[in-house]
Every structure is written in C-alpha cells, then in structure tokens.
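Fold and geometry: a report
Spelled out, the chains give:
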Amino acid sequence: MAFVPTHEWQEVKEGQAIPPGLHVKMDMSGGGRWAKLMDEGGGGKNMQVMAVGQEGGKKEESPQMDGHSVAELKQALKKIKAETTLDGKEEDVKTKFKSMDEIKEVLGQYEMRQESDVDVMKRLLGVLRTSEEESAIILALQDLEYYVHQIDNANDLVTIGGFPVVISLFNHTRAEVREEAIHLVGSAAQSNPPVQIKIIELGVLPKLLRVLADEGESPAVRKKSLFAISSIVRHFPLAQQKLGEFGGLQVLMGLFQQEKTMSYRMKAIRLVNDLIVERLTTNQGTDKMKQYDKLPLFTKLQELDWCHLVVDSLNSDSHENREISMNAMNNLRPACPGGFDSKPAIEKLRQLKVEYKSLWDTEVADGDNDGYFKLLYNLVGDVKDNWLNWQQKDEL
C-alpha cells in the first residue's frame, strides 16, 4: 500500500516508498520513520530529516540524500563492506589470478621486442630485392617513402645501402613501380644534404632528366621525376652545377614545346625562380656564392630566352599560373637585359590589371577587402613598376 502523506505526522510502514518533498523524522528509541507534508512556506524539493530521541524530543536536523539521512547511508555502507569481505576466500582468488610478478615471468619466456625503424626499412628492402609480386613491391616502396620523411630514417637508408635497390626500380616495366621509386628518392632528398650528396654520387640526376624528357613516359612518372629533381638541386650548389652539365635547363625548356605539359611548365618556372632567389639572397664573395657561380644560371637562361617563356605563361586562364609567372618575372631581371618591355608583354600586364581591379571590386562588394584578387592586382603593379624602373636605370 502506498504512503499517502497529510499535514499530520504518520508512521511509514515497512516497504512503503516516501515521495519527495516531505518532512521526515526518525524514531531512534522505538525505531521507524514518520513523515508529513511540508508546511506552507517551507518549500524546497529536499526532504528534512530529523532524529527523534527517547523522549520524542527533536534533536538537530541531519542532512539527507535521496530520502535517507547521512547516518543511514553510513550504516548501510558499513553493512555492505562487512558483507563483501573475503571471509577466507582470499586463497581462491589467488589461485584464479596470477600476480604481476608471475605474469612478467611468463612473458619473459618469449622474445618480445619492438621493431626499430631501421629494422623495418631493412625488411622492406628485402621485399624489393626478392619479391616478384608487383603489388608487394609498390606497397614496400610506399611504406619506405613514409619512413624517409623523417631525416634520420632517410640518412639511415643511405647507411644500410638502400638507395641502389630503390634506384634500380627506375627501370621496372610497370609505371606505378617507377613512379613510387622516384617519389621515394625525391621525398628522401628534400632538405637533406647527406641524401642529396649520395644521390648525386649514384648518378641519379641524369636518369631523372631522361625520364622527364621522355614524352612516351607516363605523365605521373614524369611529374614525380620533376619533383625529385627539384628536391635534389634546391639549396645544393653542386647538384645545380650538375644540372647545367647534364642539360637540365634545356630539358626544362623542352617542356614548353610539348603538348599537355602545362602543369610541368609551371613547376619548372617555380623551380628556376627558386634557384634565382637562392642566388639573390646569398652574399657576394662568400664560399657558397662561389659554388653557385659554377653554374652561370643567368647567362644560361638568357641564352634559352627563358624570359619570354615566362611571359607567355601569363596567357594561362589559371590565376595561380599567372601568379607564379609574375613572381618569376619580378626576379628574372638579371637574366633579361631587354626586360619585359615588348608590346605583347606590356599589353598583357595592362589587361591583367584591369581584370584584377574588377575582380577585386567584386570581393570588396562581398565584404572581403583583402582577398586573393587584391593580391594579384598589386602583383601586376609591382611587376610593371619594377620593370619600368629597371628600364629607366638602363637608359641612364
């Protein structure tokens, strides 16, 4: 039977649930609980619990939780602890479960060790040396490429003699294997002088240039070759000298004479621009500058009419390609005595300035005051101003 509260104290029978929001008191002498409705103005959702002594007098109020006093809860917890002791069952637990020392002793019977990065690379090289499954070779190359992004691992690959194995796969019959092998070499060489030196010693640069020049080669393989060449020669004067000796600049120029090589052309322009910037930011007379001078880059570019190739790239419909070309034009002055003052070049720059002013105005109307087209508009102006200033200095 449910407990029905009133404004008078009533004894709560055993098993009856007390609804929330009542006055509750405990009879500490005779046992039992009493409850009634809260008086007007004594609101609040929490019940008040009072302990009643033998005389029935009211003692201090006791805090309560979920309808039970803290004293009740403490007594219940003591009872739970008493009921859940092992009572002589500890030996049963020990027989069912091993101690930590016993577990360590069992594990010690096995040769368990974590494979180091060098061990992993050796195992992957073993796959490249022995496997006849092309899919396994491709996966091994991809895994190795992941590891050599860490400079220490790339240097360890030199130490364990891994590069000759990888380079031998440049001649594999499957294009995807060639692509992954070349990609691995390019990734390992990035900003890593020991690897760059080893690759030059192994004669990799002329191999890559032949791949890049081969119009019959897979486009993906050629693109990875240009990436690897860029990784090898950047910030490495000796490799740049070898690039000139092996006709690398002519190979790059040849990309402008082939169909379907627009993406290669822009990468070539960006690479040559980076090589120019290296020279422009290196102090004259330093040992490093003397090393750079072993490749007369500006003279070579002038002979190849590289300046006009860059100007022609302004005709691309791609804003990114135009940006790459204009950045290159800003640094090409030493290689272009005649400047970019030809009528087609000047007219193209004027057209671009008008176009980018319109696009910039649209950006501003959309709430973007510093958007991409503002950058391109300013870049066009920089190119025009720089070349006009250079031309005036030449005339003086």
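In case you missed it, the structure is sitting above this.
Residues numbered from 1 in each chain as written. Predicted model: local features only at pLDDT ≥ 70, side-chain atom pairs only at ≥ 80, totals over all residues. Heavy atoms only, no water.

Quick look at the state of the cysteines
The full count for this structure, using the stated rule, is one disulfide. One disulfide bridge connects Cys307 with Cys336, the sulfur atoms lying 1.4 Å from each other. One disulfide, between Cys307 and Cys336, carries an S-S torsion of -80 degrees and so falls in the left-handed class. With a gap of 29 residues between them, Cys307 in helix α17 (residues 306–312) and Cys336 in the loop between α18 (319–331) and α19 (343–365) connect regions that are remote in the sequence. There is no split in this pair, since Cys307 and Cys336 are both buried. (Disulfide = S-S within 2.5 Å. Helix = DSSP H or I, 4+ residues; strand = E, 2+ residues; numbered from the N terminus. Buried < 20%, exposed > 50% of the residue type's maximum accessible area, 1.4 Å probe, protein only.)

Here's the deal with the nonpolar core
Here is a general trend for soluble globular proteins: nonpolar side chains tend to be buried in one another's company. In terms of nonpolar packing, the biggest core is built from 88 residues, with Leu128, Leu141, Leu252 and Trp306 touching the most fellow members. With eight residues, the single largest contributor to this core is helix α14 (residues 262–280). Of all hydrophobic cores here, the second largest spans six residues; its members include Phe3, Val12, Ile18 and Ala35. (Core = buried A, V, L, I, M, F, W, Y, C linked by side-chain atoms within 4.5 Å.)

A look at the environment of Val127
Relative to the helices and strands, Val127 is located in helix α4 (residues 117–130). The partly exposed category is assigned to Val127, whose relative accessible area is 25%. Along the backbone, Val127 and Leu141 are 14 residues apart, and their C-alpha atoms lie at a distance of 9.3 Å. In this view, Val127 contacts Ala136 and Ala140; residues no more than four positions away in its chain are not counted. (Contact = heavy atoms within 4.5 Å.)

Re the packing of aromatic side chains
The geometry of two aromatic rings is summed up by the distance between their centres and the angle between their planes. Throughout the structure, instances matching the rule amount to five aromatic pairs. Look at Tyr356 and Phe373: their rings are 6.1 Å apart centre to centre, the planes differ by 20 degrees, and that puts the pair in the stacked class. You can see Tyr356 sitting in helix α19 and its partner Phe373 sitting in helix α20 (residues 372–395), a full 17 residues away along the chain. Within the aromatic cluster, the residues linked to one another by ring pairs are Tyr356, Tyr372 and Phe373. (Phe/Tyr/Trp six-rings, centres within 6.5 Å; stacked < 30°, edge-to-face > 60°.)

Digging into α4
Here α4 is 14 residues long and its end C-alpha atoms lie 20 Å apart, about the 20 Å a rise of 1.5 Å per residue gives. Of all the residues in α4, the buried ones are Val120, Met121, Leu124, Leu125 and Leu128. The arc that holds every buried residue of α4, seen down its axis, measures 135 degrees, which confines them to one face. Structurally, α4 contributes buried residues whose contacts are with α5 (134–147), α6 (151–159) and α7 (163–168). (Expected span 1.5 Å × (residues − 1). Arc of directions from axis to C-beta.)

Looking at helix α8 (residues 175–189)
The end-to-end C-alpha distance of α8, which contains 15 residues, comes to 21 Å, matching closely the 21 Å that a straight helix rising 1.5 Å per residue would cover. Those residues of α8 not exposed but buried are Val177, Arg178, Glu179, Glu180, Ala181, Ile182, Leu184, Val185, Gly186, Ser187, Ala188 and Ala189. Against the buried residues of α8 lie α5, α6, α7, α9 (193–201), α10 (204–213) and α11 (219–233).

Side note on the pattern of salt bridges
All told, the structure shown has ten salt bridges when counted by the stated rule. Note that Arg174 and Glu134 form a salt bridge whose closest N and O atoms lie 3.1 Å from each other. A residue pair is termed long-range when its members are at least 10 positions apart, and Arg174 in the loop between α7 and α8 and Glu134 in helix α5 qualify at 40 residues. A salt bridge links Glu217 to Arg178; its shortest N-O distance comes to 2.8 Å. Here Glu217 is found in the loop between α10 and α11, whereas its partner Arg178 is found in helix α8, with 39 residues between them in sequence. Accessibility expressed as a relative area gives 12% for Glu217, which makes it buried. Connected through shared salt-bridge partners, Glu134, Arg174 and Glu176 make up one network. (Salt bridge = Lys/Arg side-chain N within 4 Å of Asp/Glu carboxyl O.)

Comments concerning the packing of α5 against α8
One can describe the packing of α5 onto α8 by two numbers: an axis separation of 9 Å at closest approach and a directional angle of 15 degrees. Taken together, α5 and α8 sit at an angle that is classed as roughly parallel. For the crossing formed where α5 meets α8, the hand is left-handed. Every residue of α8 that contacts α5 at Ile137, Ile138, Leu141, Gln142, Leu144 and Glu145 is listed here: Glu176, Val177, Glu180, Ala181, His183, Leu184 and Ser187. In the contact of α5 with α8, the residues fall into seven nonpolar, three polar and three charged. (Axes fitted to C-alpha atoms, helices over the stretch in contact; angles between N-to-C directions. Parallel < 35°, antiparallel > 145°, perpendicular 65-115°, else oblique. Left-handed = near helix turned anticlockwise from the far one by under 90°. Nonpolar A, V, L, I, M, F, W, Y, C, P; charged D, E, K, R; others polar.)

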